[in-house]
Structure formats: structure tokens, C-alpha cells
Amino acid sequence: MGNIIKGPSTRELMQQLVTDSEGMTVNDRRDFLRKGIAAVGGMAAATVAGGVSAADNAMVNSTNLPPNEPSWGRMLGHGVIEYPYGQPSKYESHVVRRTVPWLTAESISSISMTPLHELKGIITPNGLVFERYHGGVPTINPEEHRLIIHGLVERPLIFTMEDLMRFPSVSVIKFLECPANGGMEWRGTQMEALQFTHGMLSCCEWTGVPLKALLEEAGVKPEGKWVLAEGADGAHMSRSIPLEKCLDDALIVYAQNGEMLRPEQGYPVRLMNPGWEGNTSIKWLRRLEVGDKPWYHREETSKYTDLMADGTARKFTFVQECNSVITSPCPENPIKGSGMIEIEGIAWSGRGKIKQVDISFDGGVSWTPANLKGLVLEKALTRFSLVTKWDGQPWLLQARAIDETGYVQPTLQQLRDVRGTESIYHKNAIHTWQVSNTGEVKNVQVS
Amino acid sequence: MFKLAKPTLVAAAVAGSLVAGAVNAGEQFGLGRTATAEEIAGWDIDVRPDGMGLPVGSGSVLDGEGLYEAQCASCHGLFGEGEGRWPVLAGGQGTLADERPTKTVGSYWPYASTLYDYIYRAMPFPAPRSLTPDQTYAISAYVLYLNEIVDEDFVLTNENLADVKMPNEPNFFVDPRPDVANTRCMSDCADPAALQVTGSIGGVTPVGHFIEGADGPAASHDAQHELEKKMEMERLKELGVEVEEEEASSEPAALSEAAVAGEATYNMACVACHGAGIAGAPAVGDKAAWEARIARGMESMISNAINGYAGDNGVMPAKGGRADLSDEAVANAVAYMAESSQ
């Protein structure tokens, strides 16, 4: 419960007390609740950014602390297959996707964000992968799902899921990012949490078949240059994909992180265009049509084009360029106290591997190299780290990533100078967290 | 389901021998079968700027007007101005270089074919793929008319759609990125005295998620609608407008067993339209909208909900488009909506 911006509400504290007291004897429970409620009354109004010890204490039942034997050591827990499909601990119930309701008219055609501030390593658990729907999540019976490949091909083909899963499979770890990630902040900051500034981003191990293998099965005619991918959902989402990408690293995937795709992620099968804007990775994929020209459908004209300051607009802006953000500290993860701390974050590039990440403590005046840790994979989230000392000094904390092409993540001013502030998509600017002398972290922009 | 063995080495070897010497590497696995022309035709709904894919058909601006008002106006506004946060369809021409550009079909979209394609594949929002080609031509014609791209006597057909020129077409160009070249400066990269630090505008941001929990105003579209409704009432009151206070439901009417059972279905399947009352759907809680319907009896409402219903103000697709729902689940959801609206 430490990872919140401010203290939980009285109502939440009360609920927590009741939950925590489950399993106690009647006397223990009565005593615990009495003490707890008194504590809640004392701290309900307290803002606790930068140190949630008061809230923590209110939650902790001291009879479970040493030298006492905790309650769970004096009883038995539940047995196997009580939960045939396991769930996270009830104490992790705050680790959830969240939405910003005023971004969209309603929740069916909308977006939610991944709680990046809670994640470890580079893999996003399936239940926390950000959602983006244009017509809600369809309920598809895989036995009734078909994928048709037609158009400029020698043999138009229709596949069942069984057919698709008989091809030799490949598994790759790739990030998936909505190009609108961060797009609410071209003019200025609006979001007071990492989950909302950068949470349209996830990274999974995807398993499926190279699209190349399917296209070879159908035999693309020489005049075929583009492929229209279309979903089976009510929006029938469609995008034109250049044939080069389809023959390069595009995949038809049916699994993520070891299990079949979640319905939210396109069950039973989706397209995956590594490193490209998430919208092109059509979910619930039902049709691939090979053509000689792009289709200019709604999602590649009205949307997912980038309006410049002079009124012209960029089309087919596919690549998610090199980007990074510090995940600890961040607004949801304030610094808890003086001493040695690890500054951690994630970096990614749609053009390949991350080569280097630098960190600035002074708003970009000077920079210190950070270390990459764990796996460093092409077009995947890459974790970076810098251990340093914090003694209450205010920081303007930034990360700046460089990818293997040598591209250096730009400043927001550099992007605005070229694109203006109305392009919505592809804002991959260096991000700034302002750390106050209490350890509290705010989202700011530096110019 | 999916309990398939991986292709064995033997199978792979057999398949391999089939392609030996073949020009196309294609038939290595021989999986899938040839799709029939009929199968493809049913799903091949896309159209392109050059007119490829357009079915034979036509629709006039005049025909489109009625269809638009019935099927589209509840979200997009009578003149394409957009209700709430739903997309604005008309106007905005000449604003793309402004401080606050208005991107609409007329001001921004490069091709008229996109209009036909999108309406046919995804509109109206609550009942995708419910329009015929002729209806789609008519609605497309009307939206073009709202944008002053065609005249009121225009008839859009598969023959002339590719000839409709959109004013903004010349202004799109292919992605030139990388378009900025930052360098890996390590020290003295900026003048510390000149740094401007700007924070966020208080109150806009959704930190309420973390303060108020999952039912806080910042956390869901429902809560957001409630909040905005309240703010609008307060604004009207300040202006001295007489507003009808919603009766404070001191004790919510007890729901029947069916209605209680139907709440979950409502939240999952019906709320998209019946929550805010879009596309002609009566909004839950809007007593006036439900009164006449309730008077016609539960049986009629349930039958319309299960089988679908085309009214003057919009279309209720069968089971709200959720064919996976049982008749009982739909009936319960109707009970929930009706009982919550009287």
C-alpha cells in the first residue's frame, strides 16, 4: 500500500482493516479493529507523499510482527486448485489498469493504461497489458474463427486456428505501444502519474507464425505491395501494411506470455508488427488482402496521421521511435527516505536495441551514464538503473535513451520546433520528474 | 480444442518432397484450404480511393438526410457538430494551421472512399454492419453535403465516388522521420539559469484514481458522466436557469429478482447506448423516455430487445448486437433498465 500518491481514503482504510482482520480470533479481531479505527481517525486528513509510514502503521497488526508468531503461521491455508487459475495476492489489488475518462466519449471505444510504476523486469503480465478498443472486446469462439488471405495472391486461402497452430511457431519478446502514448502533453503537462503519461505501453513474449510463412503459402503476386489487415470485431479495424514489413518481422500471434491471447489482446489471433504503432497490430485478425496500393482507411487518414503546425499532415507514421522514462522514482513512487537509492526506468526503440541510457539530475544540463540491466532485446522494453545517493536535494530528473541506430531521444522543444503541438501521436520526448526535498515527485516540463 | 500434435518429422519430410524444385516456396505446409469466391465476397468489404471494392449502388443526399438523422445524429449532431465527446464530422475547413484545429471529414480527410468504407464497416456505432450499400452511399452523400463538398441534389454512386475530390488531399505526405537530431551531450548542455519549469494544471489530472479508489469520479466513464452532469447543473443554476432537480432517491425502489439478475448484463452489454442514451436508445433513469415503452408492456420490450427493433430514432440490434447473450439474460437486463427508469 506504500505506492500511492496520497494516503488512502478513510473508507479504503476501513475496508483494509476489516480485510486484514479476517482469520483472527474474535477477541483479537475486536482489539485489532478498535486500535485500527482509532489510527484511521488520527491520520485520515494527513497527506503522506514521500513517506506513508503513518498509513503503513495503521494497516499493520503488530501481533503479526516478531517476536510474535504471525496468524498465518498458526493456521492452515487453502489447498490446491482452490483457485484453478491463480490470481495475485489480495494485497496487490491496487495494481490495475486505469483509464482517463475524459479522453473518450465512453468505454467501448477507449483506452486504459498499464501501471508501469508497479512492474518489475520487462514483461507485462497479461492482465495488465493496456487496452485499446474501437468497438469493445468481441467474444470469439476459436472453432468458428477464420483467417482469409486473398487479393493479389496465387491461391486465396482460408485458415482455421488449428491450421495456424500447425505451422512451426516462433516466440519473441516485443513491446507494444499506442502512438498516442504521452499525446495529451504536447502543450503542457496534464497527467500527474506515470501510469497516465506513459502507460499505453506493454511488453510481452508473443508466440505465433511469421506472416511471411502464410504469405508464401498463398503466393504473393509480383504487383502485390501492400496488405490490408482487418479485425473481426464490431469496428472491423483495418490498416494498410507495406509488404516489406509483412515479409520482415510481422507475426500472426495467438499466444502471449505462455498462454493463449487474452480476449483484450485479440483472442484467438492478432497481427503483431514489432516496433510499430500498436494500432497496426490488428487484433481479432480475420482477413489479409494483398493489393498494389494502400487503402487509406479511417485509421490511417482521420486518425493515426500527424498534423503539423503548418496544416499539412504526415501519413504512415509507423515506427515508435526511441523513448524512455524513469519509473522509480515517479509520482506514484516517491523517494521514501535519504540514503542510497536506485533510479530505475525503461527504454525502448522501434528501430532496434537500446544502446545507452543517460540520466540527468538537473533538467538536462549534465548527464550521467546509467546501466542497462537484464535482457537487452530488439524492439523490447529494456530496463536501466543508476544507484546514487539522495539527501533531500531537489532534482529535475530525466532519462535520455539512445538506440543502436545512434538516434538520441529528443527534447520536447526539439519535437515542438519541427511538429508544433497538434500532432497527437509519436511524442517520444525526454520526460522530466521534479523531485522535491520531501521526495515527492511531480510531472513537469522543462524548456 | 487445439490438442494438435506438432507436425512430425515424417510429415515435414513428405511435405518437403512436394516442393522440391518448386519455384514458389509456398506449398511447404499445405495448410489451410482454398477460400471460395463466396467466402471472400462476404467479408471483402473494403473500398479504396480509386473505387476498388465499391459495390454497385447509389444514394442521394436527400435519402441520406433521413438516415443520418435516425442513425447518426444522436452522437454526431444534426449538423455533424458532434455531441459530447463524439467525433465532429463537419466544418473546420481552413482551421488546420490554427492554434486549435478542427479535424473533420471536410477539413481533414483526404479521400471520400474512406467515408463509405468506414460507415459500411463500423457504423452506426451500436450496430455495425447493419447498413446496406445504398444506405451507406446515401449517408456518405449527406456527410459530404454537410461539409459543402457536394450539392443538395447530389447522388453518390459506385461510378462517381472516386471522382469526389476532398479539399485536404494534397496536404498529406509520407513520414519523414527521423526528423530531429539530438546529440549525446554530457555536460553544460543547457544554461541552468534559463531553465523554465512548468507543472500541470491542477484539477485536470486523474490522481483521483489513487485518492478515491476505483469508484472515484476520475476512474470511470460513468463517474465522469455523473460529475459532468452535476457541474452542468451547477453552471445552469449560477446562470439563473431553472433546472429540474433530480429527485434525491432517498430510498431506491426495490428491484425485482429478474432486475437484480439483469444488472450485470446491463453493465456489460447495454450501458454503451442505454447509459447515456445514444443512437435513440432510452437512457436508464430517463423516466419520460421509458414511460411509453413501459406502458406497452414488458413482453413488447423484451421481444424488441431480443429480436431487434428499428424505430424512428435509431436501431436496436438483436440483443444489442450481443448474440452470445441468452434470451433470459436480455430479459433480465430489460427488467433492470425499466425498473430503474420509473
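Residues numbered from 1 in each chain as written. Chains lettered and ligands numbered in written order. Predicted model: local features only at pLDDT ≥ 70, side-chain atom pairs only at ≥ 80, totals over all residues. Heavy atoms only, no water.

Thoughts on the pairing of strand S17 (residues 339–348) of chain A
Residues and elements named next belong to chain A.
Here comes step 1: The element S17 is largely enclosed, with a buried count of eight among its ten residues.
Here comes step 2: Sheet topology places strand S16 (residues 323–328) next to S17; five bridges connect them, and they run antiparallel. What sits directly across from Asn323, in S17, is Trp348.
Here comes step 3: Note: S17 against strand S21 (residues 382–390), nine bridges, orientation antiparallel. Within the sheet, the bridge partner assigned to Gly345 lies in S21 and is Phe384. (Buried < 20%, exposed > 50% of the residue type's maximum accessible area, 1.4 Å probe, protein only. Helix = DSSP H or I, 4+ residues; strand = E, 2+ residues; numbered from the N terminus. Pairing = 2+ DSSP bridges.)

Side note on the environment of Gly345 of chain A
Residues and elements named next belong to chain A.
Here comes step 1: Counting through the fold element by element, Gly345 comes out in strand S17.
Here comes step 2: Among the residues examined, Gly345 registers a relative accessible area of 0% and is labelled buried.
Here comes step 3: Separated by 229 residues in sequence, Gly345 and Leu116 place their C-alpha atoms 9.4 Å apart.
Here comes step 4: Residue contacts for Gly345: discarding those within four places in its chain leaves Val325, Ile326, Thr327, Thr382, Arg383 and Phe384. (Contact = heavy atoms within 4.5 Å.)

Quick word on the packing of aromatic side chains
Here comes step 1: Evaluated as defined, the whole model comprises 17 aromatic pairs over all chains.
Here comes step 2: Their ring planes at 50° and their centres at 5.2 Å tell us that Tyr68 of chain B and Tyr142 of chain B sit as a pair that is tilted. Of this pair, Tyr68 of chain B sits in helix H3 (residues 61–71) while Tyr142 of chain B sits in helix H6 (residues 133–146); the two residues are 74 residues apart in sequence, bridging distant segments of the chain.
Here comes step 3: Residue Tyr68 of chain B is classed as buried on the basis of its relative accessible area, which comes to 0%.
Here comes step 4: Between Tyr116 of chain B and Tyr137 of chain B the ring centres are 4.7 Å apart and the planes differ by 45°, which places this aromatic pair in the tilted class. A residue pair is termed long-range when its members are at least 10 positions apart, and Tyr116 of chain B in helix H5 (residues 113–122) and Tyr137 of chain B in helix H6 qualify at 21 residues.
Here comes step 5: Judged by relative accessible area, Tyr116 of chain B falls into the buried class, the value being 0%.
Here comes step 6: Among the aromatic residues, ring-to-ring pairing joins Trp226, Trp276, Tyr296, Phe316 and Phe318 of chain A together with Tyr111 of chain B into one connected group. (Phe/Tyr/Trp six-rings, centres within 6.5 Å; stacked < 30°, edge-to-face > 60°.)

Describing the confidence of the model for chain A
Here comes step 1: The predicted model of chain A has a mean per-residue pLDDT of 90, with 87% of residues at 70 or higher.
Here comes step 2: Here residues 1–11 of chain A is modelled with pLDDT under 50, and outside its nearest four sequence neighbours on either side it reaches 29 contacts, counting other chains as well. (pLDDT = per-residue confidence, 0-100.)

Overview of the interface of chain B and chain A
Here comes step 1: Contact with chain B, which involves 99 residues of that partner, is made by 122 residues of chain A.
Here comes step 2: Where chain B abuts chain A, roughly 9,300 Å² becomes buried across the two surfaces, and 59% of that area is made up of carbon and sulfur atoms.
Here comes step 3: One salt bridge in this structure joins Asp179 of chain B and Arg314 of chain A, with 2.7 Å as the shortest N-O distance.
Here comes step 4: If you list the elements that add at least two residues to the side of chain B that touches chain A, you get strand S1 (33–34), helix H2 (37–43), H5, strand S4 (172–174), strand S5 (197–198), helix H7 (208–212) and helix H8 (221–238) of chain B.
Here comes step 5: The element that contributes the greatest number of residues to the side of chain B that touches chain A is H5 of chain B, accounting for five residues.
Here comes step 6: Pairing geometry for strand S24 (residues 441–446) of chain A and S5 of chain B, over two bridges, is antiparallel. Across the sheet, residue Val446 of chain A finds its bridge partner in S5 of chain B, namely Val197 of chain B. (Buried area = accessible area lost by both parts, 1.4 Å probe. Salt bridge = Lys/Arg side-chain N within 4 Å of Asp/Glu carboxyl O.)

Structural notes on the side chain of Asp403 of chain A
Here comes step 1: With respect to the secondary-structure elements, Asp403 of chain A resides in strand S22 (residues 395–403).
Here comes step 2: If we skip the residues at most four places from it in the chain, Asp403 of chain A touches Cys322, Ser349, Arg351, Lys353, Ile354 and Lys355 of chain A.

Details of the sheet that holds strand S8 (residues 226–231) of chain A
Here comes step 1: Read across the sheet, six strands follow the order S9(A)-S8(A)-S13(A)-S4(A)-S5(A)-S1(B) without closing on themselves; strand pairing throughout is mixed. Across the chains shown, the open sheet's two edge strands, defined by having one partner strand only, are strand S9 (238–242) of chain A together with S1 of chain B.
Here comes step 2: Sheet topology places S8 of chain A next to strand S13 (residues 285–291) of chain A; six bridges connect them, and they run antiparallel. Opposite Trp226 of chain A, over in S13 of chain A, you have Gly291 of chain A as the bridge partner.
Here comes step 3: The strands touched by helix H6 (residues 211–218) of chain A within the sheet are strand S4 (147–151), strand S5 (157–159) and S13 of chain A, with S4 of chain A carrying the most contacts at an inclination of about 55°. (Axes fitted to C-alpha atoms, helices over the stretch in contact; angles between N-to-C directions.)

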